[in-house]
Amino acid sequence: AGPGLKVISTMSVGFDHLALDEIKKRGIRVGYTPDVLTDATAELSVALLLSACRRLPEAAEQVKSGGWTTWKPLWMCGYGLSDSTVGIIGLGRIGQAVARRLKPFGVRKFLYTGSGPKPEIAAEFGAEFVSVTKLAEESDFVVVTCALTPGTQGMCNKDFFSRMKKTSVFVNTSRGAVVNQEDLYNALSQGQITAAGLDVTVPEPLPTDHPLLSLKNCVILPHIGSATYATRSTMAVLAANNLLAGLRGEPMPHELKL
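Criteria and thresholds
- Going along each chain's sequence as written, the residues are numbered from 1 onward.
- Reporting of local features is limited, given that this is a predicted model, to residues whose pLDDT is at least 70; pairs of side-chain atoms are given and counted only at 80 or more, and all residues count toward the totals for whole chains, interfaces and linings.
- Note that the side-chain values use all heavy atoms of the structure and ignore hydrogens as well as water.
- UniProt positions are given in the numbering used here, feature names are shortened, and annotations may be inferred rather than shown by experiment.
- A helix here means a DSSP run of H or I that spans at least four residues, while a strand means a run of E at least two residues long, and both kinds are numbered starting from the N terminus.
- Using a 1.4 Å probe on the protein chains alone, a residue whose accessible area is under 20% of its type maximum counts as buried, one over 50% counts as exposed, and one in between counts as partly exposed.
- When DSSP finds at least two bridges between two strands, those strands are taken to pair.
- By definition, the crossover connecting two strands over a helix is right-handed if that path, from the first strand to the second, turns clockwise as seen with the strands pointing away from the viewer.
- Any two residues having at least one pair of non-hydrogen atoms within 4.5 Å are treated as being in contact.
- Working convention: axes come from line fits to C-alpha atoms, limited for helices to the stretch in contact. Angles between N-to-C directions cover 0 to 180 degrees.
- Whenever two N or O atoms come within 3.5 Å, that pair is a polar contact, provided that in protein one can donate a hydrogen and the other can accept it, and provided that, for residues adjacent in sequence, both atoms are side-chain atoms.
- Each domain's extent was defined by an automatic or database domain assignment.
- We define buried area as the total accessible area lost by two parts upon association, computed with a 1.4 Å probe and summed across both.
- Basic side-chain nitrogens of Lys or Arg form a salt bridge, by our definition, when they fall within 4 Å of a carboxyl oxygen of Asp or Glu.
- Residue type decides the class: Asp, Glu, Lys and Arg count as charged, Ala, Val, Leu, Ile, Met, Phe, Trp, Tyr, Cys and Pro as nonpolar, and the leftover types, Gly among them, as polar.
- Here, the term nonpolar core denotes a set of buried Ala, Val, Leu, Ile, Met, Phe, Trp, Tyr and Cys residues that are joined through side-chain atoms within 4.5 Å.

Before going further, it helps to spend a moment on the UniProt feature "domain: D-isomer specific 2-hydroxyacid dehydrogenase NAD-binding" (unreviewed entry) in the protein. Summarizing the sequence annotation, UniProt attributes the feature "domain: D-isomer specific 2-hydroxyacid dehydrogenase NAD-binding" (unreviewed entry) to residues 46–225 in the numbering used throughout. Secondary structure across residues 46–225 comprises 30% helix and 15% strand; the distance between its end C-alpha atoms is 11 Å.

Moving on: the pairing of strand β4 (residues 109–113). Counting buried positions along β4 gives 4 out of 5 residues, so the element sits mostly inside the fold. With 5 bridges joining them, strand β3 (residues 85–89) and β4 adopt parallel strand pairing. Within the sheet, the bridge partner assigned to Val86 lies in β4 and is Phe110. A crossover connection joins β3 to the parallel β4 through helix α4 (residues 93–102); in handedness this β-α-β unit is right-handed. One ladder, built from 2 bridges, connects β4 with strand β5 (residues 128–129); its direction is parallel. For Leu111, the partnering residue across the bridge sits in β5 and is Glu128.

A separate point is the sheet that holds β4. Spatially, 7 strands are ordered β5-β4-β3-β6-β7-β8-β9 in an open sheet, and the strand pairing comes out parallel. Each of the sheet's edge strands pairs with one partner strand only, and the pair in question is β5 and β9 (218–220). In the sheet, strand β7 (residues 169–172) pairs with strand β8 (residues 195–198) via 4 bridges, with the strands oriented parallel. Bridge pairing in β8 places Val169 opposite Ala195. Sheet strands touched by helix α8 (residues 181–189): β7, β8 and β9. Its angle to β8, the strand with the most contacts, is close to 145°.

With that settled, consider the side chain of Thr173. For Thr173, the position within the fold is in the loop between β7 and α8. Of note is the side chain of Thr173, whose polar atom sits 2.9 Å from the side chain of Ser45. Excluding its chain neighbours within four sequence positions, the residues that come into contact with Thr173 are Thr41, Leu44, Ser45, Leu48, Val144, Thr145, Asp199 and Val200.

With that settled, the discussion passes to the domain arrangement of the protein. How big an interface is tends to be stated in terms of the accessible area lost upon association of its parts. Taken as a whole, the protein is organised into domain 1 (7–32 + 228–256) and domain 2 (37–66 + 77–220). With centres defined by C-alpha atoms, the gap from domain 1 to domain 2 works out at 28 Å. With 6 residues of domain 1 at the interface, the matching set in domain 2 holds 5 residues. The junction of domain 1 with domain 2 conceals about 560 Å² of combined surface from both sides, 67% of it contributed by carbon and sulfur atoms. Contact with domain 2 buries area across many residues of domain 1, yet Val13, Asp16 and Thr231 alone supply 65% of it, more than any other trio. One can count 1 salt bridge joining domain 1 with domain 2. Between Asp16 and Arg175 there is a salt bridge, with its nearest N and O atoms 2.7 Å apart. Residue composition of the side of domain 1 that touches domain 2, grouped by class: 2 nonpolar, 3 polar and 1 charged.

Let's shift gears to the nonpolar core. Ranked by size, the top nonpolar core spans 29 residues in total, and within it Leu49, Leu81, Val86, Leu102, Phe110, Phe141 and Val169 carry the most contacts. Secondary structure elements with two or more residues in this core: α2 (38–53), β3, α4, β4, β6 (141–144) and β7. If one sorts the elements of this core by residue count, α2 sits on top with 6 residues. Not counting residues up to four positions away in its chain, the partners in contact with Leu102 are Val46, Leu49, Leu81, Val86, Val107 and Phe110. Within the second largest apolar cluster, 25 residues are counted, among which are Ile89, Val130, Leu188 and Leu198.

On to the UniProt feature "domain: D-isomer specific 2-hydroxyacid dehydrogenase catalytic" (unreviewed entry) in the protein. Mapped onto this structure's residue numbering, the UniProt feature "domain: D-isomer specific 2-hydroxyacid dehydrogenase catalytic" (unreviewed entry) falls at residues 3–256. As a span, residues 3–256 carries 35% helix and 13% strand, and end to end its C-alpha atoms are 20 Å apart.

Once that is clear, we can look at α4. Counting buried residues along α4, 7 of its 10 residues qualify, which places the element largely inside the surrounding structure. Within the sequence span of α4, burial applies to Ile94, Gly95, Gln96, Ala97, Val98, Ala99 and Leu102. The elements touched by buried residues of α4 are α2, β3, β4, α5 (119–122) and β6.

Turning next to the environment of Leu213. Position of Leu213 relative to the elements: it lies in the loop between β8 and β9. As a C-alpha pair, Leu213 and Tyr185 span 28 residues in sequence and 9.5 Å in three-dimensional space.

Written out as structure tokens, the structure reads:
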């Protein structure tokens, strides 16, 4: 766009796709769309968690392929949320919304980790602030909803997965780069963890021959966390209003502070 570029408006809550150092250097203002996609992304996170732990895509495929025959006591069994421990990495807007939705399922305990404890927020769920290591070791379900930063990049790696229970389920609806995908593939294929659900990957779109797509115990969606008609419409209007306000030199409804 050259030196004429004054304002950038992104129709997303994430901004890891922007060259922030260069943008800051040039004094360009940035608008983004937080808050409005929280509920939709939290709903999708729960859907992905249930899909992975109850093996829904695998079960649906059995119906289509003729694998559904006579009743068998342990066929297609998975793991339920009742009386479980759920670990949330990043108890921000989306993390809180996920916990709020999972609580009625009868979750026994919530753990969370992040840049620091949030006692007032955590009190709503009786959530305990723990280290990443403890969260990996004690959670039956791990849900990643943190922002991508230098500190979170690749944090879900071989060491992390090796600490998780063999019966645990891993879900990521944040950013693909938070996960080392090769380590996740090894953990899933070797039975270190039971299943995973991903709405985000590296790269996006994920190549159709990617090893993760060969696994029955990995549910991968095409980054549709905010994909409801109402949410995308609201995001579009907010992105436009951010842009117009920026061009007028006015305060944006949601400006990224650089």
